[in-house]
Amino acid sequence: QVQLVESGGGLVQSGGSLRLSCAAVGITLDYYAIGWFRQAPGKERERISCITSISRHAGPTYSDSVQGRFTISRDSSLNTVYLQMNNLKPEDTAVYYCARRQTCSGFNALSVTDWGQGTQVTVSS
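The residue numbers shown here count from 1 along each chain, following its written sequence. The predicted nature of this model means local features are confined to residues of pLDDT at least 70 and side-chain atom pairs, given and counted, to a pLDDT of 80 or more, with totals for whole chains, interfaces and linings taken over all residues. As a rule here, side-chain values cover all heavy atoms of the structure and leave hydrogens and water aside.

J.: Whenever I open this one, the nonpolar core confuses me. Can you help?
T.: Nonpolar side chains tend to gather and get buried jointly when the protein is soluble and globular. Residue types Ala, Val, Leu, Ile, Met, Phe, Trp, Tyr and Cys, when buried and joined through side-chain atoms within 4.5 Å, form a set referred to as a nonpolar core. Partly exposed residues are those whose accessible area sits between 20% and 50% of the maximum for their type, while under 20% is buried and over 50% is exposed, using a 1.4 Å probe and protein chains only. Formed by 27 residues in total, the largest nonpolar core has its most connected members in Ile34, Trp36, Phe70, Val81, Leu83, Met85 and Tyr96. The helix and strand labels rest on DSSP assignments: H or I over at least four residues marks a helix, E over at least two residues marks a strand, and numbering proceeds from the N terminus. Of all the secondary-structure elements, those providing two or more residues to this core are strand 3 (18-25), strand 4 (33-39), strand 5 (46-51), strand 7 (70-75), strand 8 (80-85), strand 9 (94-101) and strand 10 (119-124). Sort the elements by how many residues they give to this core and strand 3 lands first, with four residues. Residue contacts are counted whenever heavy atoms from the two residues lie within 4.5 Å of one another. Once residues lying within four places of it in the same chain are set aside, the contact partners of Leu83 are Leu18, Arg19, Leu20, Trp36, Ile48, Ser49, Phe70, Thr71, Ile72 and Tyr96. If you look at the next biggest cluster of nonpolar residues, it comprises ten residues, including Ala33, Val95, Ala99 and Val112.

J.: Explanation requested: the side chain of Asp92 in the structure shown.
T.: Inspection of the secondary structure assignment puts Asp92 in the loop between strand 8 and strand 9. At a separation of 2.8 Å, a polar atom in the side chain of Asp92 contacts the main-chain amide nitrogen of Lys89. Not counting the four nearest positions on each side in its chain, Asp92 is found in contact with Arg38, Arg69, Phe70, Asn87, Val121 and Val123. What qualifies as a polar contact is a pair of N or O atoms within 3.5 Å, subject to a donor-acceptor requirement within protein and to the restriction that residues adjacent in sequence count only when both atoms come from side chains.

It is worth stressing that arrangement in space is one thing and function is another; only the former is reported here.
Pasting the structure below:
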């Protein structure tokens, strides 16, 4: 059974950092584009970052809201994708999810059918 499991969330003060992990069971993440999404209360789920599969030579993408503060990366040996989040702001408070597709192109929340539990990130002011 394929499963992506998010972890690493928590409560942090504004300006702080967290590193989220997306670990996989049943698949090798290197062969997929992995997207990080978040959903704040009362808002739609949005994609904030995507990293391509290792066979595609394209850089990661970021939404304007996290560009310059968040970094997505892979550790192939651990079959894990990370989201390093620095200079966190209260508006980053949300449940964070990871998901997989073949490519980052057209990879939005509507194209995902198998969401994990997510991990809560709360940033206090």
